[in-house]
Amino acid sequence: ILKTSPLIQHLDSFLQYLVVHRRLSRNTVESYASDLHFFLAFLGLQGVQTADAITPDLARDFLAVCYQKNINARSNARRLSALRAFFEYLVVQQIRPDNPVADIDSPKIVSGLPGVLTVAEVEQMLRLPQKQSPLVLRNWAMLHLLYATGIRVSELVALPVRDCSLTSGHVRVLGKGDKERMVPFNENAGNRIEKYLNTARPTLLRQRTSPYLFITSRGGKMTRHRFWQIIQEIVAANGVAKPVSPKTMRHSFATHLLAGGADLRSVQIMLGHADIATTQIYTHVARERLKDLHAQHHPRG
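This write-up is about the structure you can find in this document. (Residues numbered from 1 in each chain as written. Predicted model: local features only at pLDDT ≥ 70, side-chain atom pairs only at ≥ 80, totals over all residues. Heavy atoms only, no water.)

**Structural notes on the overall build of the protein chain**
Then comes step 1: Broken down by element type, the protein chain carries 13 helices and three strands.
Then comes step 2: On C-alpha atoms alone, the protein chain measures out to a radius of gyration of 26 Å, which is more than a quarter above the 19 Å that the 2.2 N^0.38 rule sets for 301 residues.
Then comes step 3: Once the C-alpha set of the protein chain is aligned to its principal axes, its extents read approximately 75 × 60 × 35 Å.
Then comes step 4: Long-range contacts, defined as pairs at least 24 residues apart, comprise 58% of the intrachain contacts of the protein chain with a sequence gap of at least 6.
Then comes step 5: With an accessible surface of roughly 17000 Å², the protein chain has 51% of that area assigned to carbon and sulfur atoms. (Helix = DSSP H or I, 4+ residues; strand = E, 2+ residues; numbered from the N terminus. Rg over C-alpha atoms; globule rule 2.2 N^0.38 Å. Contact = heavy atoms within 4.5 Å. Areas by Shrake-Rupley, 256 points an atom, 1.4 Å probe, with all protein chains shown as cover.)

**Some words on unusual backbone geometry**
Then comes step 1: Phi angles above zero are rare outside glycine, and arginine 23 is one such case at about 55°.
Then comes step 2: Positionally, arginine 23 belongs in the loop between α1 (6-20) and α2 (26-45).
Then comes step 3: Relative accessible area serves as the criterion here: at 70%, arginine 23 is assigned to the exposed category. (Buried < 20%, exposed > 50% of the residue type's maximum accessible area, 1.4 Å probe, protein only.)

**Quick look at the nonpolar core**
Then comes step 1: One finds Met125, Leu145 and Phe227 to be the most contacted residues of the largest nonpolar core, which totals 50 residues.
Then comes step 2: Looking at this core, the elements that each hand over two or more residues are α5 (119-125), α6 (134-149), α7 (153-157), β2 (170-174), α8 (187-205), α9 (224-238), α10 (246-259) and α11 (264-271).
Then comes step 3: Of the residues forming this core, the biggest block, 10 residues, is contributed by α6.
Then comes step 4: Ignoring anything within four residues of it in the chain, the contact list for methionine 125 reads Leu117, Trp140, Leu143, Ile231, Ile234, Val235, Asn238, Val240, Val244 and Met249.
Then comes step 5: Grouped together as the second largest cluster of nonpolar side chains are 33 residues, Leu43, Leu63, Ala85 and Phe87 included. (Core = buried A, V, L, I, M, F, W, Y, C linked by side-chain atoms within 4.5 Å.)

**Section: the sheet that holds strand β1 (residues 164-165)**
Then comes step 1: Taking strand neighbours across the sheet as the criterion, the three strands line up as β1-β2-β3 in an open arrangement whose pairing is antiparallel. Lying at the two open borders of the sheet, with one neighbouring strand each, are β1 and β3 (180-184). (Pairing = 2+ DSSP bridges.)

**Re the environment of alanine 277**
Then comes step 1: Mapping alanine 277 onto the fold places it in helix α12 (residues 276-279).
Then comes step 2: Looking at alanine 277, the relative accessible area reads 42%, which means it is partly exposed.
Then comes step 3: Residues alanine 277 and leucine 264, spaced 13 residues apart in sequence, show a C-alpha to C-alpha distance of 9.8 Å.

**Structural notes on α10**
Then comes step 1: The terminal C-alpha atoms of α10, which comprises 14 residues, lie 20 Å apart, in line with the 20 Å expected from a rise of 1.5 Å per residue.
Then comes step 2: For α10, every residue scored as buried is listed here: Pro246, Thr248, Met249, Arg250, His251, Ser252, Phe253, Ala254, Thr255, His256 and Leu258.
Then comes step 3: Glycine 261, located one to two residues past α10, shows a positive phi value of around 105°. (Expected span 1.5 Å × (residues − 1).)

**Some thoughts on the pattern of salt bridges**
Then comes step 1: Scanning all chains against the criterion turns up 12 salt bridges.
Then comes step 2: The salt bridge partner of arginine 60 is aspartate 57, with a shortest N-O separation of 3.7 Å. With arginine 60 and aspartate 57 both in helix α3 (residues 56-68), this residue pair falls three residues apart, about one helical turn.
Then comes step 3: For arginine 60, a relative accessible area of 39% puts it in the partly exposed group.
Then comes step 4: Glutamate 233 serves as the salt-bridge partner of arginine 226, at 3.3 Å between the closest nitrogen and oxygen.
Then comes step 5: Taking the relative accessible area as the measure of exposure, arginine 226 reaches 30% and is therefore partly exposed.
Then comes step 6: When its relative accessible area of 44% is taken as the criterion, glutamate 233 is described as partly exposed.
Then comes step 7: Here the salt bridges share partners, and the residues they tie into one network are Arg162, Asp163, Arg172 and Glu180. (Salt bridge = Lys/Arg side-chain N within 4 Å of Asp/Glu carboxyl O.)

Here is the structure:
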């Protein structure tokens, strides 16, 4: 399509509208531009130069071409979303009477199963090094608590000392939407936290004060990014082959609980999911794990 064609001019004004009126980020606008230029290139090959010549069938043909090029469902859903927004803009501007993609369903995006560790791999992650410095004691206390409770990394690093009770073996967590929940932790995690509180944390604070349970070597609040780095260091040091993130530990917690017979509602409460449908993905993970075990160990597997 020529740079002077009406479609290109409409696209330019649409992108300007996204910047000025919708105040979308540069990356988002560039994403819209990329998807829509791809669409206009397709229209050019069909000899279509004006907005009123675009039909629902043309839009479907475009999406079919995307599938033929092995573009995944998530990218196609994003492209369809860009087309919808573009045509809605053209309707508002009275350039078109209707939206030709209004009735086209978005492709179904199949969520990939979350990465999980086996129980043996978790044990490998939790293996303490011989040298137990204050930072090592802090790191392993965090890792134990993360796996014992399944809390989010954002909840872990923001956890105040007062909300961790070694007596009752619970943490009080302020989750998404400021919803509060109580999550129990096991004796192993309790022992790690107690040792960290009694020996490592005072050493790290150096007579300073902090409301946070887990602190940096300078006595400040731990960040999500720093804890992610710590996990990568532990993965490398302990020779764990799988990629591991804080979310992997959360997924492993939920999967292992369900595989051990915990009910879905209890796991939902501990994870802080507003909707039980979000928790149900872990039943698929647990089922896949059982299938793998059956295939490996059953004589007719």
